[in-house]
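Notes for the structure review
The primary structure of each chain is shown beneath.
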Amino acid sequence: MNGSFSQSILHPAASIKMKIEDLLKRYQWEQIPNTNGRFTLSQAEPSRTITELLGSAEIEIKQYPSAHQQELIFVVELEDGGLISYQRKDASFIHTLNSQNMFKRKQWELGIISYSPRGVPDDTSQES
């Protein structure tokens, strides 16, 4: 799978800019264990769609198939990283927020992008 199989759901507006910090401030996130720069939306937060989470219908959301047949993957590129959300069969979501390096790494792991393995950052890299 690669980016050519993506389906763009919404079209970006040039004036809409969002950073990881915007979402970290807006919602309760928990760091994913044994990672630097990866967070998941807290179970304490009410269930939200991606558009609700972003608070805008003007930000591009790309959709990809998952290796798990009953799951879809949604990707939103932010200025300094990105949001990767997994929609389950029951229509619930698992949202993950990722620093720039971890965003690229996770997309590579999911088969969404391909690039030189030398470009894949280590899990142990220090991210803010």
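Look up a bit, the structure's there.
Below you will find a few notes about this structure. Here the structure is a predicted model, which means the values were calculated and not measured. (Residues numbered from 1 in each chain as written. Predicted model: local features only at pLDDT ≥ 70, side-chain atom pairs only at ≥ 80, totals over all residues. Heavy atoms only, no water.)

1. Digging into the overall build of the protein
The criterion, for reference: Only runs of H or I of at least four residues qualify as helices and only runs of E of at least two qualify as strands under DSSP, and these elements are numbered from the N terminus. Contacts were defined at the residue level, with two residues in contact if any of their heavy atoms lie within 4.5 Å. Here, Shrake-Rupley sampling with a 1.4 Å probe gives the accessible areas, and only protein chains in the shown set may cover a residue.
From N to C terminus, the protein includes three helices and seven strands. The helix and strand sequence of the protein, counted from the amino end, reads β-α-β-β-α-β-β-β-β-α. Within the protein, contacts between residues separated by at least 24 positions form 49% of all contacts whose residues are at least 6 apart in sequence. Surface accessibility of the protein: about 7,600 Å² in total, with carbon and sulfur atoms responsible for 47%.

2. Some points on unusual backbone geometry
Positive phi, close to 65 degrees, is recorded for asparagine 34, a residue that is not glycine. When you line up the elements, asparagine 34 lands in the loop between β2 (29-31) and β3 (38-41). The backbone of alanine 91 shows a phi angle near 75 degrees, a positive value even though the residue is not glycine. Among the secondary structure elements, alanine 91 is positioned in the loop between β6 (81-87) and β7 (93-99).

3. Quick notes on the pairing of β6
Test applied: Throughout, exposure labels follow a simple rule: accessible area from a 1.4 Å probe, protein chains only, divided by the maximum for the residue type, with under 20% read as buried, over 50% as exposed, and the rest as partly exposed. Only when DSSP finds a minimum of two bridges between them are two strands counted as paired.
When you tally the buried positions in β6, you get six out of seven residues, the bulk of the element. The hairpin turn running from strand β5 (residues 72-78) into β6, its antiparallel successor, is two residues long.

4. As for helix α3 (residues 100-109)
Where α3 is concerned, the buried positions are Met102, Phe103, Arg105, Lys106 and Gln107. At the exit of α3 stands glycine 111, carrying a positive phi of roughly 80 degrees.

5. Side note on the side chain of histidine 95
Which entries qualify depends on this criterion: Any pair of N or O atoms that falls within 3.5 Å is considered a polar contact. Within protein, one atom must be able to donate a hydrogen and the other to accept it, and sequence-neighbouring residues count only if both atoms are side-chain atoms.
Residue placement: histidine 95 occurs in strand β7. By relative accessible area, histidine 95 is classed as buried at 3%. Here serine 85 takes part through its side chain, which lies 2.6 Å from a polar atom of the side chain of histidine 95. Here histidine 95 is in contact with Trp29, Phe39, Thr40, Leu41, Arg48, Thr49, Ile50, Leu53, Leu83, Ile84 and Ser85, once residues within four sequence places are set aside.

6. A closer look at the pattern of salt bridges
Condition: For this analysis, a salt bridge means a side-chain nitrogen from Lys or Arg found within 4 Å of a carboxyl oxygen belonging to Asp or Glu.
By the definition in use, this model includes four salt bridges. Its salt-bridge partner being lysine 25, residue glutamate 21 comes within 3.0 Å of it at the nearest N-O pair. Residue glutamate 21 and its partner lysine 25 are both found in helix α1 (residues 20-26); the two are separated by four residues, about one turn of the helix. Accessibility expressed as a relative area gives 46% for glutamate 21, which makes it partly exposed.

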